[in-house]
There are 2 protein chains.
Amino acid sequence: MNAVSSTARDISMKGAGYYSKATTGAKEVIDNATPMVLGAIEAMDFPDDGRLITMSDMGCADGGTSIEMVRKALTAMRAKWPSCPLQMVYTDLPRNDFSQVFRIIHGQTDIKSYTSEIDNLYVFASATSFHQNIFPAETLYLGFSATASHYISDKPANITDHVHMVGASGSERQAFEEQGRRDWESFLLNRTKELAPGGHLALFNFGIDEEGRYLGHTGGVSMFDTFNEVWAELRDAGTVTAQEYADTNFPQCYRTVEQFTAPLTDESNPVYQAGLRLKSVETRVVRCPYERDFTENHGDAEKFAREYIPTLRSWSEMTFASGLSPDRPVDERIAILDGYFDAYEARVREAPQGHAMDYVHIYLVLQKADN
Amino acid sequence: MNAVSSTARDISMKGAGYYSKATTGAKEVIDNATPMVLGAIEAMDFPDDGRLITMSDMGCADGGTSIEMVRKALTAMRAKWPSCPLQMVYTDLPRNDFSQVFRIIHGQTDIKSYTSEIDNLYVFASATSFHQNIFPAETLYLGFSATASHYISDKPANITDHVHMVGASGSERQAFEEQGRRDWESFLLNRTKELAPGGHLALFNFGIDEEGRYLGHTGGVSMFDTFNEVWAELRDAGTVTAQEYADTNFPQCYRTVEQFTAPLTDESNPVYQAGLRLKSVETRVVRCPYERDFTENHGDAEKFAREYIPTLRSWSEMTFASGLSPDRPVDERIAILDGYFDAYEARVREAPQGHAMDYVHIYLVLQKADN
């Protein structure tokens, strides 16, 4: 979609510093939870017998947000199993920029990589969907995935009065939750088949915590409600049609702790029966770096709005672009999207208090039974 | 380099049909030699014991030219070893467009892929240089590489009076041949370590055949001599400096049959001692599709020149761009390169007879000793 490429280009042209800041929050989520990954390695109980040990980051984007965690994990594995070759596999969808993944991991950018520090290490990429088998059976030892599995494989319905399932109700909400349930079970079943006995998964996903909090909805202005209100304003003003408004839905499901853990605690569930077990679950909120910078440092509402919107736009624009009729000329679609995010930015500029994209993650550590 | 990107864009904008034609010759080289690959599979003698079998295309570019060969190879392996998971690994350098590789292999383009036809198959990519170990020891069963290993890892000298080592002499020629020898040995040693006992390599590389023929030098107008003459004209006209002319050298070594086979026939060579053996070697010439089209079909010199130059430019422009001083503004560099290829095109248009980029390959099938 041209509208999306155009934004990607705008963002990339802002340079490396901009990019780093846009992913600071996502990186903090992973860095803060690295002890869970190291704990999983510590818990894996097999001898240093030269076997091939595979680790994976599934839904890796450019690999930059996980790089410090991966360095620590591979270093720990190298120390624990000195004779075992290590494979590190980055996965995402084919449209992902895998050249950038490789440039980062092979040390061709200004991000510090780990490949020169760890011997007998082999790095690969895969573009197989995590709703299918990425790896041969029983070859995966440490599967990691952060902030990826909220994307569902199919949009089960239109949401009448909102753009995200967190604002849906009734049968529409149910349809998204059911799709989310099926995809989560399929994700876990595929991983269980791939895991070596005793292998672990560390999965840090967007979800709804025990207090009902989720991404951008932690007590202040709700981000997804704002997305919806501004989009509905464009509909009411005639800028987008009622059909386009209805067609605009994030293909995502935010799951509760119970929904995440059900396949692991219900002994009749195929995932449980395949041998996957829950080792730990917890929820955490990681504060929005833009809101923090605004509140604690600069206090400049215009600057906050200007810096905050592009990070929202970077992952949400494709959803709004997909809602627009393909019959509209590309220029027209770009203009609508520009106007939409300008309107969101104006809201933040005019009343900045409460806007924040706080991250709310459910942290799961799982283990395949060691027979 | 902007000049290069600009050309890549120009070429990509010509569409899929153009692209297919530009790689027709390279694809023919592989398709015609597919029986050698199938013969290697036939010769591999191990039971259907569920082991993980890895095949690789090393220096794959977008994976399109080898796709029919890979389909046949994986189909043959699936039939021979029904219980064994298959891994197909595409390798190239980080700057390669791996997203395009994945789009092609996962069937998201109009090129017919094979992934839906073969079960228990896992596709990966690697951007590790083939001058290093790409795979863990003894895990590779079928290593394939076409038209890639003529690139050497370092340019050992400037060539005083030519742009390619095929036109060099004396100590300059020797320096390129020595670098080519070291890189070839290192390529083979790395692969030997990676090969499982009994594993095979099928390597189809640019080289110099028994009659002294090589790419674009098969009896008519010599392509590399023309590259050099036109570049020297720009030097003589003052468009490029003497230093820039001297700095312009293809980082390539075309090896003779003897040079390709020496590490496999000299029993004191580390490659031979590591257990790699020559099973077959032959040379073939694959006719230039543009020249054939001109000679056998249309006879239109202007059309021939217009279609022929972009395929040369697609792989040679980076070399000429690298020779130009970085002090020149980008626009100036682009203008020089445009003028250069225009001058080559004019030569072809004005005297088309004899111009042809015939492919000359040395086809090697190698096997790691089965203890």
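Residues numbered from 1 in each chain as written. Chains lettered and ligands numbered in written order. Predicted model: local features only at pLDDT ≥ 70, side-chain atom pairs only at ≥ 80, totals over all residues. Heavy atoms only, no water.

**Topic: the overall build of chain A**
A count of helical and extended segments in chain A gives 14 helices and 8 strands. Relative to the globule expectation of 21 Å for 371 residues, the C-alpha radius of gyration of chain A, 21 Å, shows essentially globular dimensions. Judged by the C-alpha coordinates and their principal axes, chain A covers about 65 × 50 × 40 Å. Counting the 371 residues in chain A, one finds 54% classified as buried. Summarising the internal contacts of chain A: among those between residues at least 6 apart in sequence, 82% fall at separations of at least 24. As displayed, chain A offers around 14,500 Å² of accessible surface, 49% of which is attributable to carbon and sulfur atoms. Side chains of chain A carry 34 positive and 53 negative charges; the gap between the two charge centres is 3 Å. (Helix = DSSP H or I, 4+ residues; strand = E, 2+ residues; numbered from the N terminus. Rg over C-alpha atoms; globule rule 2.2 N^0.38 Å. Buried < 20%, exposed > 50% of the residue type's maximum accessible area, 1.4 Å probe, protein only. Contact = heavy atoms within 4.5 Å. Areas by Shrake-Rupley, 256 points an atom, 1.4 Å probe, with all protein chains shown as cover. Lys, Arg positive; Asp, Glu negative; His and termini not counted. Charge placed at Lys NZ, Arg CZ, Asp CG, Glu CD.)

**A word on unusual backbone geometry**
Residue and element names in this part refer to chain A. Positive phi is not limited to glycine here, since Glu138 has a value of about 60 degrees. Position of Glu138 relative to the elements: it lies in the loop between strand S3 (121–126) and strand S4 (140–146). According to the relative accessible area criterion, Glu138 is partly exposed, its value standing at 44%.

**Topic: the nonpolar core**
Note on soluble globular proteins: their nonpolar side chains tend to be buried together. Phe227 of chain A together with Phe227 of chain B are the most contacted members of the largest nonpolar core, which totals 178 residues. Ignoring sequence-local partners within four residues, the contact set of Phe227 of chain B consists of Val163, Phe250, Leu312, Trp315, Ser316, Phe320, Tyr340, Phe341 and Tyr344 of chain B. Formed by 46 residues, the second largest nonpolar core is a distinct cluster that contains Phe124, Trp184 and Leu188 of chain A together with Ile362 of chain B. (Core = buried A, V, L, I, M, F, W, Y, C linked by side-chain atoms within 4.5 Å.)

**Thoughts on the interface of chain B and chain A**
The interface of chain B with chain A comprises 25 residues on the first partner and 25 residues on the second. Between chain B and chain A, a total of about 1,900 Å² is buried, with carbon and sulfur atoms accounting for 64% of that surface. Linking chain B with chain A are 5 residue pairs in polar contact (both at pLDDT 80 or more). Only strand S2 (86–91), helix H6 (98–105) and strand S3 (121–126) of chain B provide two or more residues apiece to the side of chain B that touches chain A. At 5 residues, the largest contribution of residues to the side of chain B that touches chain A is made by S3 of chain B. Among the residues making up the side of chain B that touches chain A, the classes are represented as 14 nonpolar, 8 polar and 3 charged. (Buried area = accessible area lost by both parts, 1.4 Å probe. Polar contact = N/O pair within 3.5 Å; in protein donor to acceptor, adjacent residues only side chain to side chain. Nonpolar A, V, L, I, M, F, W, Y, C, P; charged D, E, K, R; others polar.)

**Remarks on the relation of the copies chain B and chain A**
Once chain B is rotated about the relating axis by 180 degrees and shifted along it by 0.0 Å, it coincides with chain A to within an RMSD of 0.0 Å. Both copies of the chain, as the preceding transformation shows, are related through a two-fold rotation axis. For chain B, the residue whose C-alpha comes nearest the rotation axis is Ala125 of chain B, separated from it by 2.5 Å. The share of interface residues of chain B whose copies in chain A are also at the interface is 100%, consistent with both copies meeting through the same surface. (Least-squares fit on C-alpha atoms with pLDDT ≥ 70 in both.)

**Observations concerning the pairing of strand S1 (residues 53–58) of chain B**
Residues and elements named next belong to chain B. Counting buried positions along S1 gives 6 out of 6 residues, so the element sits mostly inside the fold. Here S1 shows two buried faces, one formed by Ile53, Met55 and Asp57 and the other by Thr54, Ser56 and Met58. Pairing of S1 with S2 involves 6 bridges; the strand directions are parallel. Residue Met58 lies in a different strand from S2, and its bridge partner there is Thr91. (Pairing = 2+ DSSP bridges.)

**Some remarks on the pattern of salt bridges**
Across all of its chains, the model carries 54 salt bridges over all chains by this definition. Between Glu117 of chain B and Arg71 of chain B there is a salt bridge; the shortest N-O distance is 2.5 Å. Taken as a pair, Glu117 of chain B in the loop between H6 and S3 and Arg71 of chain B in helix H5 (residues 67–80) lie far apart in primary sequence, 46 residues in all. Since its relative accessible area comes to 41%, Glu117 of chain B is described here as partly exposed. Residue Lys112 of chain B pairs with Glu117 of chain B through a salt bridge whose shortest N-O separation is 3.4 Å. Here Lys112 of chain B falls in the exposed class, since its relative accessible area comes to 55%. The network of salt bridges with common partners includes Glu68, Arg71, Lys112 and Glu117 of chain A. (Salt bridge = Lys/Arg side-chain N within 4 Å of Asp/Glu carboxyl O.)

**Notes on the environment of Ala26 of chain A**
Residues and elements named next belong to chain A. With respect to the helices and strands, the residue Ala26 is situated in helix H3 (residues 24–32). Placed 328 residues apart in sequence, Ala26 and Gly354 show a C-alpha to C-alpha distance of 20 Å. When near neighbours in sequence (up to four residues on either side) are disregarded, Ala26 contacts Thr65 and Tyr359.

**Concerning the packing of helix H12 (residues 289–298) of chain B against helix H13 (residues 301–323) of chain B**
Residue and element names in this part refer to chain B. Taken N-terminus to C-terminus, the directions of H12 and H13 make an angle of 165 degrees; their axes are 9 Å apart at the nearest point. Judged by the inter-axis angle, H12 sits roughly antiparallel to H13. Of the two possible hands of crossing, H12 and H13 adopt the one that is right-handed. Across from Tyr290, Glu291, Asp293, Phe294 and His298 in H12, the residues of H13 making contact are Ala301, Lys303, Phe304, Glu307, Tyr308 and Thr311. In terms of residue class, the contact of H12 with H13 is built from 5 nonpolar, 2 polar and 4 charged. (Axes fitted to C-alpha atoms, helices over the stretch in contact; angles between N-to-C directions. Parallel < 35°, antiparallel > 145°, perpendicular 65-115°, else oblique. Left-handed = near helix turned anticlockwise from the far one by under 90°.)

**Topic: the side chain of His361 of chain A**
Residues and elements named next belong to chain A. Tracing the backbone shows His361 in strand S8 (residues 359–368). For His361, a relative accessible area of 0% gives the class buried. One polar contact links His361 to Thr147, side chain to side chain, over a distance of 2.8 Å. When near neighbours in sequence (up to four residues on either side) are disregarded, His361 contacts Val29, Thr147, Phe204, Asn205, Phe206, Glu282, Thr283 and Arg284.

**Notes on the side chain of Asn133 of chain B**
When you line up the elements, Asn133 of chain B lands in the loop between S3 and strand S4 (140–146). Within the structure, Asn133 of chain B has its side chain in polar contact with the backbone oxygen of Asn190 of chain B (distance 3.0 Å). One polar contact links Asn133 of chain B to Glu194 of chain B, side chain to side chain, over a distance of 2.9 Å. When near neighbours in sequence (up to four residues on either side) are disregarded, Asn133 of chain B contacts Tyr122 of chain A together with Thr128, Asn190, Arg191, Lys193 and Glu194 of chain B.

**What to know about the packing of aromatic side chains**
Following the criterion strictly, the structure yields 62 aromatic pairs over all chains and no others. An angle of 40 degrees between the planes, with centres 4.4 Å apart, marks the rings of Phe320 of chain B and Tyr340 of chain B as tilted. Within this pair, whereas Phe320 of chain B is found in helix H13, its partner Tyr340 of chain B is found in helix H14 (residues 330–350), the two being separated by 20 residues in sequence. Positioned above the aromatic ring of Tyr363 of chain A is the side chain of Arg284 of chain A, whose terminal nitrogen or guanidinium carbon lies 5.1 Å from the ring centre. (Phe/Tyr/Trp six-rings, centres within 6.5 Å; stacked < 30°, edge-to-face > 60°. Lys NZ or Arg CZ within 6 Å of the ring centre and 35° of its normal.)

**Some remarks on the pairing of S4 of chain A**
Residues and elements named next belong to chain A. Across the 7 residues of S4, 7 count as buried, placing the element largely inside the fold. Pairing of strand S1 (residues 53–58) with S4, which is carried by 4 bridges, proceeds in the parallel orientation. Bridge assignment links Asp57 to a residue of S4, and that residue is Phe144. Both S4 and strand S5 (residues 195–208) contribute to a ladder of 6 bridges, which runs parallel. By the bridge assignment for S5, Phe144 is matched with Ala202. Handedness of the crossover is the feature at issue here: the chain leaves S4, passes through helix H7 (residues 170–194), returns alongside S5, and the resulting connection is right-handed. (Right-handed = clockwise from strand over helix to strand, strands pointing away.)

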